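# Architecture at a glance
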Amino acid sequence: MIKACIFDLDGVIVDTAKYHYLAWKKLADELGINFTLEDNERLKGVSRMQSLEIILELGNLKLDEKEKEVLAEKKNKWYVEYISRMGKSEIFPGVEAFIDILRENNIKTAIASASKNTRIILERLDLEKKFDVIIDGTMISKAKPDPEIFLKAAEYLKVQPNECVVFEDAVAGVEAAKRVGMKVIGVGDPDILKDAHTVIQSFEGLDLSIIYNL
Ligand code: B16
Ligand code: MG
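These remarks concern the structure in this document. (Residues numbered from 1 in each chain as written. Chains lettered and ligands numbered in written order. Predicted model: local features only at pLDDT ≥ 70, side-chain atom pairs only at ≥ 80, totals over all residues. Heavy atoms only, no water.)

## Points about the site of ligand 1
Not every one of the 18 residues close to ligand 1 is listed here, only the nearest: Val-46, Ser-113, Ser-115, Lys-116 and Asn-117. Between an oxygen atom of ligand 1 and a side-chain N or O atom of Asp-8, the distance comes to 2.9 Å. Computed on the free molecule, ligand 1 has an accessible area of 470 Å², of which 97% lies beneath the protein chains in the complex. Using a 2 Å cut-off from the grid points, one finds that ligand 1 occupies the largest pocket. Across the shell around ligand 1, the residue classes break down as five nonpolar, seven polar and six charged. Taken domain by domain, the makeup of the shell around ligand 1 includes at least three residues from each of domain 1 (4–14 + 88–212) and domain 2 (17–83). (Near = heavy atom within 4 Å. Polar contact = N/O pair within 3.5 Å; in protein donor to acceptor, adjacent residues only side chain to side chain. Areas by Shrake-Rupley, 256 points an atom, 1.4 Å probe, with all protein chains shown as cover. 1 Å grid on protein atoms, 1.4 Å probe; cavity = no way out; pocket = protein on both sides within 12 Å on 5 of 7 lines; lining within 4 Å. Sits in = over half its atoms within 2 Å of the grid points. Nonpolar A, V, L, I, M, F, W, Y, C, P; charged D, E, K, R; others polar. Domains from an automatic or database assignment.)

## Thoughts on the sheet that holds strand β3 (residues 133–135)
An order of β3-β2-β1-β4-β5-β6 is seen for the six strands of this open sheet, with the pairing classed as parallel. If you trace the sheet from one side to the other, it starts and ends with β3 and β6 (198–200), each paired once. Averaged over all neighbouring strand pairs, the angle between strand axes comes to 20°, with direction disregarded. Pairing analysis gives three bridges linking strand β2 (residues 108–112) to β3, with the strands arranged parallel. The residue bridging Ile-111 from the neighbouring strand is Ile-134, located in β3. Running at roughly 155° to strand β1 (residues 4–7), helix α5 (residues 95–104) makes contact with β1, β2 and β4 (164–168) of the sheet. (Pairing = 2+ DSSP bridges. Helix = DSSP H or I, 4+ residues; strand = E, 2+ residues; numbered from the N terminus. Axes fitted to C-alpha atoms, helices over the stretch in contact; angles between N-to-C directions. Contact = heavy atoms within 4.5 Å.)

## With respect to unusual backbone geometry
Here the amide bond leading from Lys-144 into Pro-145 is cis, since omega sits at 15°, within 30 degrees of zero. With respect to the element layout, Pro-145 can be found in the loop between β3 and α7 (148–157). The backbone of Asp-126 shows a phi angle near 55°, a positive value even though the residue is not glycine. Its location among the elements puts Asp-126 in the loop between α6 (118–124) and β3. By relative accessible area, which is 47% here, Asp-126 ends up partly exposed. (Buried < 20%, exposed > 50% of the residue type's maximum accessible area, 1.4 Å probe, protein only.)

## Regarding the layout of surface pockets
By rolling a water-sized probe across the atoms, one finds the places where empty space is left. Of the volumes computed, that of the largest pocket is approximately 630 Å³. What lines the largest pocket is a set of 34 residues, among which Val-46, Ser-47, Arg-48, Ala-114 and Ser-115 lie closest to the centre. Counting only elements with at least two residues in the lining of the largest pocket, the list comes to α1 (17–31), α3 (48–58) and α4 (65–83). When residues of the lining of the largest pocket are assigned to their parent elements, the largest contribution, six residues, is made by α4. A breakdown of the residues in the lining of the largest pocket according to their chemical character gives 11 nonpolar, 12 polar and 11 charged. Structurally, the lining of the largest pocket is a two-domain feature, drawing no fewer than three residues from each of domain 1 (4–14 + 88–212) and domain 2 (17–83). In this structure, the second largest pocket encloses a volume near 490 Å³. (Points joined across faces, edges and corners; volume = space filled by probe spheres on them.)

## Points about the coordination of the magnesium ion (ligand 2)
Protein coordination of the magnesium ion (ligand 2) is provided by Asp-8 (OD), Asp-10 (O) and Asp-169 (OD), with donor distances spanning 2.0 to 2.2 Å. For the magnesium ion (ligand 2), the donor residues sit on a single chain with the sequence spacing D-x1-D-x158-D. Taken together, the residues Asp-10 in the loop between β1 and α1 and Asp-169 in the loop between β4 and α8 (171–179) connect sequence positions 159 residues apart. We classify Asp-10 as buried; its relative accessible area is 18%. (Donors = N, O, S within 2.8 Å, 3.2 Å for Na, K, Ca; no water.)

Structure below.
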């Protein structure tokens, strides 16, 4: 019996990856590091500090913790500038309608995102009220594929892990949810998200059958 749906944010509800890329690119350019859109794929679903580590590794740059914090903070300032200009038109097609269907059918909804900027993004998209629970990067200590974020979402929703369906665009997120017995719907490329129970390309036209037929 499915009682709740838990949504990742970046790459599932909205495409913030392009803004992460612009901000990281600006930083990489400053540091003289070549950073491509292909490299950016490795940053999806990964925490801010881990993302910085990947970029520094691309440039063979070794820095101390303090220097890394300054750079991460700098990138985040640029990123927040970009996302502060986002609007409702950037929500992926069909997402709001699907969440409305869930709520009308008494299925609880949550966000589980590694982003510490989750609340700013949801506010800009006017989506906060659509979720019963919001778990973000400020509330967890272990990154996906650790299941901490999904377990916390289930706990706050007051449901059991096996009563949840997770929507994820990152391989690490699919693994995290499966580790605690949740059903997972991948959002994106079926070849990449092959461990998910099923994969969708879009939320357009989706109804409850997707979660009941898993
Ligand atoms: P921030 P998700 C993740 O969000 C992004 O996919 C990832 O690229 C980003 O580095 C991470 O959030 C941290 O974001 O710097 O805003 O705290 O996919 O878990 O919703
Ligand atoms: Mg994601």
